[in-house]
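# Remarks on the overall topology
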Amino acid sequence: MNHLSNNKARGSALTPLIGGIVILLAVLFFLVKLATSGYYSDVEASTPSATQTRIMPAGSVTMGDGTPVGQRTGEQIFNKICIQCHAADGNIPNAPRVTHNNEWAPRIAKGFETLFNNALNGFNAMPAKGGQADLTDDELKRAIAYMANQSGGNLQAPAVGAASGAAASDADASSASSAASDSAGAAAPAAATASADGKKVFDATCVACHGATSAIPNSPKITKNDEWAPRIKQGKETLFKHAIEGFTGPGGSLMPAKGGNANLTDDEVKAAVTYMVNQSGGKI
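These lines cover the structure that appears in this document, whether it is placed above or below. Along every chain, residues carry numbers that run from 1 in the direction the sequence is written. Only residues with pLDDT of at least 70 are given local features in this predicted model, and only at 80 or more are side-chain atom pairs given and counted; all residues enter the totals for whole chains, interfaces and linings. Where side-chain values are given, they derive from all heavy atoms of the structure, hydrogens and water being excluded.

In this section: helix H6 (residues 137-149). Helix and strand assignments come from DSSP, with helices taken as H or I runs of at least 4 residues and strands as E runs of at least 2, each series counted from the N terminus. Multiplying one less than the number of residues by 1.5 Å gives the expected span of a helix. For H6, spanning 13 residues, the distance from its first C-alpha to its last is 18 Å, which sits close to the expected 18 Å at 1.5 Å a residue. Within the span of H6, buried status applies to Asp138, Glu139, Leu140, Arg142, Ala143, Ile144, Ala145, Met147 and Ala148. Relative accessibility thresholds used throughout: buried, under 20% of the residue-type maximum; exposed, over 50%; partly exposed, between the two (1.4 Å probe, protein chains only).

Time to look at the pattern of salt bridges. Take a side-chain nitrogen of Lys or Arg and a carboxyl oxygen of Asp or Glu: if they are within 4 Å of each other, that pair is a salt bridge. According to the stated counting rule, one finds 6 salt bridges in the structure shown. Note that lysine 199 is salt-bridged to aspartate 203, the shortest N-O span being 2.9 Å. One end of the pair is lysine 199 and the other is aspartate 203, both in helix H9 (residues 198-210) and 4 residues apart, which spans about a single turn. Look at aspartate 203 and you get partly exposed, because its relative accessible area is 36%.

To continue, consider the packing of aromatic side chains. Aromatic rings from Phe, Tyr and Trp, taking only the six-membered ring of Trp, are treated as a pair when their centres fall within 6.5 Å; an angle between ring planes under 30 degrees marks them as stacked, one over 60 as edge-to-face, and anything in between as tilted. Counted under the stated rule, the structure contains 2 aromatic pairs. Consider the rings of phenylalanine 202 and tyrosine 275, whose centres lie 5.6 Å apart with planes at 50°: the pair is tilted. Residue phenylalanine 202 is located in helix H9, and its partner tyrosine 275 is located in helix H12 (residues 266-278); the two are separated by 73 residues in the primary sequence. In this analysis the charged atom, NZ for Lys or CZ for Arg, is taken to sit over a ring once it is within 6 Å of the ring centre and within 35 degrees of the ring normal. Sitting over the face of the ring of phenylalanine 116, lysine 141 holds its NZ or CZ atom 4.9 Å from the ring centroid.

Before going further, it helps to spend a moment on the state of the cysteines. Here, the term disulfide refers to a pair of cysteine sulfur atoms separated by no more than 2.5 Å. In the structure shown here, the tally under the stated rule is 0 disulfides. Looking at cysteine 82, it has no disulfide partner, and the nearest cysteine sulfur is the one in cysteine 85, 8.8 Å off.

Of the positions making up helix H4 (residues 101-108), those classed as buried are Glu103, Trp104 and Ile108. Along the axis of H4, the buried residues cluster in a sector spanning 120°; they form a single face. Residues of H4 that are buried in the fold lie against helix H3 (74-86), helix H5 (112-121) and H6. Within this analysis, the arc is defined by the directions that extend from the helix axis to the C-beta atoms. What makes two residues a contact is simply this: any of their non-hydrogen atoms within 4.5 Å.

This part covers the nonpolar core. In this description, a nonpolar core means a group of buried Ala, Val, Leu, Ile, Met, Phe, Trp, Tyr and Cys residues linked to one another through side-chain atoms lying within 4.5 Å. Membership of the largest hydrophobic core comes to 19 residues, with the highest contact counts inside it found for Ile77, Cys82, Leu140, Ile144 and Leu155. Elements supplying a minimum of two residues to this core: H3, H4, H5 and H6. Tallying contributions element by element places H6 first for this core, with 6 residues. In contact with cysteine 82, other than residues within four places in its own chain, are Ile77, Ala87, Ala143 and Met147. Val201, Val207, Phe240 and Leu264 belong to the second-largest nonpolar core, a separate cluster that totals 16 residues.

The values are spatial; any link to function lies outside them.
Below, the structure is given as structure tokens:
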């Protein structure tokens, strides 16, 4: 009799356990259903949501930060480009740091146009457009205004919405320039290669990171033979490839393609690499 009673006790305990598991699974099912119900619709239906589901692409790619060229704010540009040299805690020589009013004051006193022209064309060790060739004039002005206004200035930046026309004009001009360059290049490719001036490219673009006094970490400095030696051992073709296509080092250092200046030709990049290597213990 006791044996039967034990079996009944086990059976009565098992029933609520199974019931609890079934209820838990049901709750999880409905939670998942609820969480995903807003993203897709019955594709056979004719509602706007269903139509959107049917035409939804299989995948999408967003380049950069997802903001079209010409529409980026000063803060976006600062955080992506300018911060490398102008961060509040930066240590790049002669680069005014944001929020350091005393460093910006003499520069702001020169006027917005002078600041813009220096940033547009390059100034001392600063490359043209900070090395980011796709910046429009209005975007560059927004970045300048953002930094200056964070550092005691009061500059009026161009509105973001008004930049689309300027961006289109820049794109048309760039296309025309590219077409002209391609035509000229087809006429005399050998002359273009021979005329590439490595020192000129270095002074305009590479010096910001590879200058002898640069403070950019993990970036080999010109004339510092010990920093270049392990890189030179990889061979010139590897050096050329990394400089042209971009390279992320094992320590997380980032070399943008063509040093961030998309207007450079492959021959100009190679000439700049050759110049730096030959100034730093190599011979290529």
